[in-house]
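Summary of structural features
The residues making up each chain are set out below.
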Amino acid sequence: MPPISEVWRLYLRRFTVDHWYRFLKQRLHWTLPKLSTPKQCERWSDLMPMITWELWLAGDIVADNPLPWQKSIDKLTPGRVAQAMGIILEAIGTPARSPKPQRKVPWLETRTSKTT
């Protein structure tokens, strides 16, 4: 057990951890996916610190994109960086191919034309 003079410092660290968990749950949707195996849950949970670091590091390269009721700020928080990440993700693009055009199914076309 640490001496009582150090306990208050350890107690103050608790608030940082509590806010981080709240950020993970509310903003990064940590608890949203319904994963079926413990391994999947572990992988998803392992991504959370990496995503948080990515947001901290991207703070210097994104521009503030405040919502109408928010004030503009100079030093962006991870939440505000996440709000502005859409612009970066759009610039990076996706490695996925474009979707193929839908093939025409004759029986589906006749069924949809009868309902309209």
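No experiment lies behind these values; they were computed from the predicted model shown. (Residues numbered from 1 in each chain as written. Predicted model: local features only at pLDDT ≥ 70, side-chain atom pairs only at ≥ 80, totals over all residues. Heavy atoms only, no water.)

Glancing now at the packing of helix 1 (residues 4–26) against helix 2 (residues 38–57). Closest axis-to-axis distance for the helix 1/helix 2 pair is 11 Å, and the angle between their directions is 95 degrees. When the axes of helix 1 and helix 2 are compared, the pair comes out roughly perpendicular. Contacts from W20, F23 and L24 in helix 1 reach M48, P49, T52 and L55 in helix 2. Classifying every residue of the contact of helix 1 with helix 2 by side-chain character gives 6 nonpolar, 1 polar and no charged. (Axes fitted to C-alpha atoms, helices over the stretch in contact; angles between N-to-C directions. Helix = DSSP H or I, 4+ residues; strand = E, 2+ residues; numbered from the N terminus. Parallel < 35°, antiparallel > 145°, perpendicular 65-115°, else oblique. Contact = heavy atoms within 4.5 Å. Nonpolar A, V, L, I, M, F, W, Y, C, P; charged D, E, K, R; others polar.)

Our next topic: the packing of aromatic side chains. The relative placement of two aromatic rings is captured by the distance of their centres and the angle of their planes. Overall, the coordinates contain 3 aromatic pairs when judged by the stated rule. With centroids separated by 5.6 Å and ring planes inclined at 85 degrees, the aromatic side chains of Y11 and F15 adopt a geometry described as edge-to-face. Of this pair, Y11 and F15 both sit in helix 1, 4 residues apart, roughly one helical turn. Taken together, a centroid distance of 5.2 Å and an interplanar angle of 65 degrees make the contact between W20 and Y21 edge-to-face. (Phe/Tyr/Trp six-rings, centres within 6.5 Å; stacked < 30°, edge-to-face > 60°.)

Counting 12 residues, the largest nonpolar core consists of F23, L24, L28, M48, L55, A58, V62, L76, V81, A84, M85 and I88. Secondary-structure elements contributing two or more residues to this core are helix 1, helix 2 and helix 3 (78–92). When residues no more than four places from it in sequence are discounted, the contact partners of V62 are L76, V81, A84, M85 and I88. (Core = buried A, V, L, I, M, F, W, Y, C linked by side-chain atoms within 4.5 Å. Buried < 20%, exposed > 50% of the residue type's maximum accessible area, 1.4 Å probe, protein only.)

Direction vectors running N to C along helix 2 and helix 3 enclose 85 degrees, while the axes themselves pass 9 Å from each other. Classed by the angle they form, the pair helix 2 and helix 3 counts as roughly perpendicular. Note on element contacts: helix 3 touches helix 2 through P78, V81, A82 and M85, opposite E54, L55 and W56. Per-class residue counts for the contact of helix 2 with helix 3 are 6 nonpolar, no polar and 1 charged.

Right, let's get into the pattern of salt bridges. Summed over the entire model, instances satisfying the criterion amount to 2 salt bridges. The closest approach of N and O atoms between R80 and D64, which form a salt bridge, is 2.9 Å. Taken together, the residues R80 in helix 3 and D64 in the loop between helix 2 and helix 3 connect sequence positions 16 residues apart. (Salt bridge = Lys/Arg side-chain N within 4 Å of Asp/Glu carboxyl O.)

By the element assignment, T52 lies in helix 2. A distance of 3.1 Å separates the side chain of T52 from the side chain of W20, its partner in a polar contact. (Polar contact = N/O pair within 3.5 Å; in protein donor to acceptor, adjacent residues only side chain to side chain.)

Take the environment of T94 next. With respect to the helices and strands, T94 occurs in the loop between helix 3 and helix 4 (106–115). Measuring from C-alpha to C-alpha, the distance between T94 and K39 comes to 26 Å, with 55 residues separating the pair along the chain. Here the side chain of T94 touches A96 through a polar contact of 3.2 Å, landing on its backbone nitrogen.

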